[in-house]
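Summary of structural features
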Amino acid sequence: MATVTGQEVVDPGEYKIIGTRPVRHDGVDKVTGRAKYGADVQLAGMLHGKILRSPHAHAKILSIDTSKAVALPGVKAIVTSADFPILKDQSLDFGETQGNIRMLAENILANQKVLYKGHAILAIAATDQHIAEEALDLVDVKYEQLTPIFDVKEAMSKDAPVLHENLTTIFRVDRFGKGEDTGVKGNVAGLIQFKRGDLDEGFSKSDIVVEREFTTQTVHQGYIEPHTSTGQWSQDGHLTIWTSTQGSFVIRGATAAILGIPESMVKVIPMEIGGGFGGKTITYLDPLVAILSRKTGRPVKITMTRKEVFEGTGPTSGTYMRCKMGATKDGKITAGELYLAYEAGAFPGSPVGGGAMSGFGPYKIDNLQVDGYDVVVNKQKTAAYRAPGQPQAAFAVEPVIDELAEKLGMDPMDFRIINSVHEGDRAPSGVPHLKWGCEEVEQAMRDHPHYNEKLDGPNRGRGVAVGYRLNAGGSGSSATINVNSNGTINLITGSVDIGGTRTAVAMQAAEVLGISIDDVNPTVVDTDAVGWTGATGGSRIAFDTGRAAILASYQVITEMSERAALLWDVDPSDIVFEDGIFVSNKNTEDTMSFKELASKLMGTGGPVTCSSSDTQGGVGAQLAGHIVDVEVDPETGKVDLLKYTTFIDAGKAAHPSYVEGQMQGGALQGIGWALNEEYFFTEDGTMANASFLDYRMPTSLDLPMIDTVIIEVPNARHPFGLRGVGETVLIPPMAAIANAIHDAIGVRMDRLPMSPGAILEALRDNK
Amino acid sequence: MQEFEYVAPTSLEDAVKLMAEKGPKAKALAGGTDILIQLRGGRYQIDRLVDVKNIPELNQFSCSQSDGLTIGASVQNYKIYESSEVQRLYPAMVDCASLVGGIQVQGRATVGGNLCNAAPSGDTIPTLIAESAQALIAGPNGQRTVPVEEFCTGPGRNQLADGELLVSVNLPPVKPNYGAAFLRFIPRNEMDIAVANCGASVQLDESRQKIVSAKIAIGSVGPTVIYCIEASNSLAGADANEASIEAAAAAAQKAASPINDMRGTVEQRIHLVGVLTKRVLRIAISRAKGE
């Protein structure tokens, strides 16, 4: 076992468990169908809820008449926004995104105004879902329609219809800062700005300048499991919620705040989750089932349909972006200017800050300016989506890098390496970098056989792009370890397991304790059963919850050393723990394995149970890079992927299969975003393609094998060198595919999706 | 979804009776891959769903050089594309039956259902038209036969009167020097609705250099699948070459009257009709030549 001493990293690779590929602890239950998901919850007397949604994108609610619906046999209760206590503006931390609790409540149920088609207005609980559905048709809502605004550029114009009368632009120079209220009213909720050096001077030094505009459309995370929640409000005032979420404590906090009750009265039980990708870090249903249960005295479940997931939850932003970069003849970038306007949807809070922080992240640029606008429009309120805001920004920057390299006659990877970012260089936001693998990833790409092999055939092309992300973490994780008498441990956390983190965290405890991974029983428990733990997001669980588990493991060793000292009648400081064996310094014949000592706990002071928490953060900066070969059918505009290779600096891959899974999954989501995915809005703001039939995510037949290359440049802030790997993987694909399409047919695609129709149009316009 | 009655008759006579009793409030159920979704989506309010999978006439499935191909209305797609005789004699039916939905859908869905559903994008319909298929219909007044190109009357609408059922589609025997093919354009590689599709057949003369007759049908570019009469006629007597193919494709484009929607634009669809018609005719001619 490696010696683990605080934050120091000792030679990764010398581990027994870290870096191996054990079978996941939750695997058997999941593949045999025994694992329980939110929709599996069945309680005696349970009612079913359905939600009435707005048919208009922008309208005042004049009146709501529910009398006919209430009269329908089987209908038991109705909840409208009038049932929410009056809420003040108040900030709430959702782990990946900040939220305002009043606006969150208004997104859950519209209050006075509906702001997008699909905006929830009320929910009905009935004895079965068909009755609830029928009752929805009996509700009479009168609206006064208002002019909706959908396009981000139009929404920013002076005479645009306004969504929120009192909305003013907040100016920030720090992504999570409070900012300064400019007092300017309109649809622009925020401007984030990063500035460094002198732009004019930088551009005057460049021999070549490329400036391009880009647009992207609203896209959804597309998790397979729709949102679902079941609530039971007990007569003693305790509320229990079974839900599909990435963060049980976040849901507890938000639900309690919206309902105006103490957090301690709410227990959230996180069920197994069928995907989230950031979209399940906020609440839609939990306060509704709670109130419906309070009104009826019965448990109430609401499960969304796929259409509701598309129309009523949070996709990520459509954008308008401009990128201008200059470079010298020898390939040094002298200046960069990035303008980002992101649609927030109906309420402020687009992920433009993420885009602003990351777009220029892979490049050392002394003169730069990034302006990021957060703009409300009459579309679904956006939520986090895997590296929120960052894939869009990369789609604006990476094609410009490609074009600069092309015009300079340089290899695009060589060009990137010349401008690579190293330890001590500053991120666009000004934060200095610790050691990270920017250049290491770029060199691995340049030297890879895929990059160097010949690509023959007409209409075929190869593209590359990189993606940068600064993972923070540190929102808080807790872990408890109970030592069993047979030398196994129960490892208890509150981190919902989306990406195999039960096992990845368990491996870290096993490594420290010198026990087998099969001797760890990792469990994810409810909010009453473990210390506060932030949401599973920000690529932080293997890192943050891993650190909490490591700290708890140290405590276990300390306590067990004390027990060994008792048995051997020596001072605890004389006990050394190495390679899973407790040894007495006083008499090296006195040795005991972890298992042996575990069997002697009851006689030496009772059970050993240790809890720890961690808020250090520092998941770290990260580079991912993708190489893709495409073939374009110039007659139909269809793009087929021939070959795909992904690279990432994982710091240290705790469980390489899970890292590879993240890399492949990120690539495939990006491929969908690149080629076909978009909310197709009709003129009145209806999403015309609210089903998986017409919201075209890739199927297995659309993908080549996605190869993976893991680079390990250890993260100094984690004992085993881990970096989070969940999100950076989604940043490069759209840009990489755009660059490949250019290589294939000579057309620079400046909009997403690069669907067959869009390619045909670009080819036509290019003639 | 509202309550309705479910019945599963075992004779054609009973089925017709059960349908006729409820008139427009009765719907037939074969694979259910369209009707169940439509019922759930509230497109129809019905009183009775008549399961037609237990009726012998609707399960007929035979294929031979002498008698042609008979596909009962309850015969699932997978049976069609897995049949070696269909593969040999009617490869265009394999082209289309094998790409309706995914594997699971092909295990339930039927060609008869695809035709009755009368979607402009119905993937088996252009081939049926190109192959000169006849639809056999049973109803309270007996049986009648309708050429497939006349079966669909609008999006989701067909020739069936209240109480009538589709019994089978019947493709005539194939002659020597005959070939047919089908292609669909979708943005993905499976599990999608056609942006445009095209089925075509050609009968070559003995020299295999001239086209005696041809039938071209295009889908997703109008209210129903469109039988392109002028494009088809333009090939009668023409040389089996690129110039004829180009001319037929241009004529097919003129027959298209698509709309803009989430699946494609008017311009893209008309363009695709040209591309697909050419590609399909090349395959059909190649098959007719026995290549």
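Residues numbered from 1 in each chain as written. Chains lettered and ligands numbered in written order. Predicted model: local features only at pLDDT ≥ 70, side-chain atom pairs only at ≥ 80, totals over all residues. Heavy atoms only, no water.

Brief notes about the overall build of chain A
When you go through chain A residue by residue, the secondary structure sums to 20 helices and 30 strands. By the compact-globule yardstick of 27 Å for 767 residues, chain A fits well, its C-alpha radius of gyration being 27 Å. Taking the principal axes of the C-alpha coordinates as reference, chain A spans close to 85 × 75 × 50 Å. Of the accessible surface of chain A, which amounts to about 27300 Å², a share of 49% is contributed by carbon and sulfur atoms. Taken as two groups, the 69 positive and 96 negative side-chain charges of chain A have centres that lie 4 Å from each other. (Helix = DSSP H or I, 4+ residues; strand = E, 2+ residues; numbered from the N terminus. Rg over C-alpha atoms; globule rule 2.2 N^0.38 Å. Areas by Shrake-Rupley, 256 points an atom, 1.4 Å probe, with all protein chains shown as cover. Lys, Arg positive; Asp, Glu negative; His and termini not counted. Charge placed at Lys NZ, Arg CZ, Asp CG, Glu CD.)

What about the overall build of chain B?
The number of helices and strands found in chain B is 12 helices and 14 strands. Against the 2.2 N^0.38 benchmark of 19 Å for 291 residues, chain B shows a C-alpha radius of gyration of 19 Å, consistent with a compact globule. The dimensions of chain B, computed from C-alpha atoms along their principal axes, are 55 × 45 × 35 Å. Looking at the 291 residues of chain B, the share that counts as buried comes to 53%. Taking the contacts inside chain B whose residues are at least 6 apart along the sequence as the reference set, 61% of them involve residues at least 24 apart. A total of about 11900 Å² of accessible surface is found on chain B, and carbon and sulfur atoms cover 50% of it. A distance of 3 Å separates the average location of the 27 positive side-chain charges in chain B from that of its 30 negative side-chain charges. (Buried < 20%, exposed > 50% of the residue type's maximum accessible area, 1.4 Å probe, protein only. Contact = heavy atoms within 4.5 Å.)

Focus: the pairing of strand S24 (residues 575-578) of chain A
All names here are of chain A. Alternating positions in S24 separate cleanly, Ile575 and Phe577 being buried on one face and Val576 and Glu578 remaining unburied on the opposite face. As paired elements, S24 and strand S25 (residues 581-584) share four bridges and run antiparallel to each other. Along S25, the bridge assignment pairs phenylalanine 577 with phenylalanine 582. In this antiparallel pair of consecutive strands, S24 and S25, the connection spans two residues, and aspartate 579 shows a positive phi of 50°. (Pairing = 2+ DSSP bridges.)

Quick word on the domain arrangement of chain A
Many descriptions give the size of an interface as the accessible area lost when the pieces come together. Residues and elements named next belong to chain A. Annotation of chain A at the domain level lists domain 1 (27-35 + 474-614) and domain 2 (147-433). Summed over the shared surface of domain 1 and domain 2, the number is two salt bridges. Where arginine 502 meets glutamate 272, a salt bridge forms, and the shortest distance between an N and an O atom there is 2.6 Å. Taken together, the connections running from domain 1 to domain 2 amount to four residue pairs in polar contact (both at pLDDT 80 or more). (Domains from an automatic or database assignment. Salt bridge = Lys/Arg side-chain N within 4 Å of Asp/Glu carboxyl O. Polar contact = N/O pair within 3.5 Å; in protein donor to acceptor, adjacent residues only side chain to side chain.)

Description of the interface of chain B and chain A
Each partner contributes residues to the interface: chain B has 20 residues there, and chain A has 26 residues. Approximately 2200 Å² of surface area, both sides summed, lies buried where chain B meets chain A, with 48% of it carried by carbon and sulfur atoms. A per-residue breakdown of the area chain B buries against chain A is headed by B:Arg188, B:Asn189 and B:Met262, which together make up 32% of the total. Along the contact surface separating chain B from chain A lie five salt bridges. With a closest N to O distance of 2.7 Å, B:Asp192 and A:Arg696 form a salt bridge. Taken together, the links from chain B to chain A amount to 11 residue pairs in polar contact (both at pLDDT 80 or more). With six residues, the single largest contributor to the side of chain B that touches chain A is helix H12 (residues 266-288) of chain B. (Buried area = accessible area lost by both parts, 1.4 Å probe.)

Observations regarding helix H7 (residues 248-259) of chain A
Note that an α-helix has 3.6 residues per turn; residues three or four places apart therefore point the same way. Residue and element names in this part refer to chain A. In a regular helix each residue adds 1.5 Å, so 12 residues correspond to 16 Å; H7 covers 16 Å between its end C-alpha atoms and thus fits that length. In terms of residue burial, H7 counts as a mostly covered element, since 11 of its 12 residues are buried. Two residues or fewer past H7, glycine 260 is found with a positive phi of approximately 70°. (Expected span 1.5 Å × (residues − 1).)

Focus: the sheet that holds strand S20 (residues 460-471) of chain A
Residue and element names in this part refer to chain A. Spatial ordering of the open sheet is given by S20-S28-S29-S30, a layout of four strands whose pairing is mixed. Lying at the two open borders of the sheet, with one neighbouring strand each, are S20 and strand S30 (706-711). Averaged over neighbouring strand pairs, the angle between their axes works out to 15° when direction is ignored. Here strand S29 (residues 639-649) runs beside S30; their pairing, made up of six bridges, is parallel. Bridging across to S30, aspartate 649 finds its partner in isoleucine 711. Strands S20, strand S28 (620-632), S29 and S30 of the sheet are contacted by helix H13 (residues 438-447), whose axis makes an angle of about 20° with S28. Packed onto the sheet, helix H19 (residues 733-745) meets S20, S28 and S29 and runs at close to 160° relative to S20. (Axes fitted to C-alpha atoms, helices over the stretch in contact; angles between N-to-C directions.)

Details of the domain arrangement of chain B
All names here are of chain B. Here chain B is partitioned into domain 1 (5-51), domain 2 (56-171) and domain 3 (178-288). When each unit is reduced to the centre of its C-alpha atoms, the spacing between domain 1 and domain 2 is 18 Å. Every contact between the two is made by 15 residues of domain 1 and, on the other side, 19 residues of domain 2. The contact between domain 1 and domain 2 buries some 1200 Å² in all, and 65% of this surface belongs to carbon and sulfur atoms. For domain 1, the biggest contributors to the area lost against domain 2 are Leu12, Val16 and Thr33; these three give 39% of the whole. Counting across the interface, domain 1 meets domain 2 through zero salt bridges. The tally of links between domain 1 and domain 2 comes to two residue pairs in polar contact (both at pLDDT 80 or more). A total of five residues in the side of domain 1 that touches domain 2 trace back to one element, the largest contributor, which is helix H1 (residues 12-22). Looking at the side of domain 1 that touches domain 2 residue by residue, the class counts come to nine nonpolar, five polar and one charged. (Nonpolar A, V, L, I, M, F, W, Y, C, P; charged D, E, K, R; others polar.)

A short note on the pattern of salt bridges
All names here are of chain A. Going through the model one piece at a time under the given rule, you end up with 62 salt bridges over all chains. One salt bridge connects aspartate 629 with arginine 462, and the closest N-O pair in it is separated by 2.7 Å. Here aspartate 629 is found in strand S28, whereas its partner arginine 462 is found in strand S20, with 167 residues between them in sequence. Summarising the burial analysis for this pair, aspartate 629 and arginine 462 share the class buried. Between glutamate 559 and arginine 563 there is a salt bridge whose closest N-O contact spans 4.0 Å. On the criterion of helical spacing, the pair formed by glutamate 559 and arginine 563 is a turn pair, its members being four residues apart in helix H16 (residues 541-568). Given the relative accessible area of 8%, arginine 563 is considered buried.

Some points on the sheet that holds strand S22 (residues 489-493) of chain A
All names here are of chain A. If you walk across this open sheet you meet the four strands as S23-S22-S21-S27, and the pairing is mixed. A strand with exactly one partner marks an edge of an open sheet, and here the two such strands are strand S23 (520-524) and strand S27 (609-614). On average, each strand axis in the sheet is tilted by 20° relative to the strand beside it, whichever way the strands run. One ladder, built from six bridges, connects strand S21 (residues 477-483) with S27; its direction is antiparallel.

A word on the packing of helix H15 (residues 501-513) of chain A against H16(A)
Residue and element names in this part refer to chain A. In the contact formed by H15 and H16, the axes pass within 8 Å of each other and the chain directions differ by 30°. What the angle tells us is that H15 and H16 run roughly parallel. Along this stretch, H15 crosses H16, giving a crossing that reads as right-handed. Between H15, through Thr501, Ala504, Val505, Gln508, Ala509, Val512 and Leu513, and H16, the contact on the second element is made entirely by Ile541, Ala542, Thr545, Gly546, Arg547, Ala549, Ile550, Ser553, Tyr554, Val556 and Ile557. Residues belonging to the contact of H15 with H16 are distributed by class as follows: 12 nonpolar, five polar and one charged. (Parallel < 35°, antiparallel > 145°, perpendicular 65-115°, else oblique. Left-handed = near helix turned anticlockwise from the far one by under 90°.)

Concerning the packing of helix H11 (residues 242-255) of chain B against H12(B)
Residue and element names in this part refer to chain B. At a minimum axis distance of 8 Å, the contact between H11 and H12 shows a crossing angle of 140°. Relative to H12, the element H11 is oriented oblique. Here the hand of the crossing between H11 and H12 comes out right-handed. Every residue of H12 that contacts H11 at Glu242, Ile245, Glu246, Ala248, Ala249, Ala252 and Gln253 is listed here: Ile270, His271, Val273, Gly274, Thr277, Lys278, Leu281, Arg282 and Ile285.

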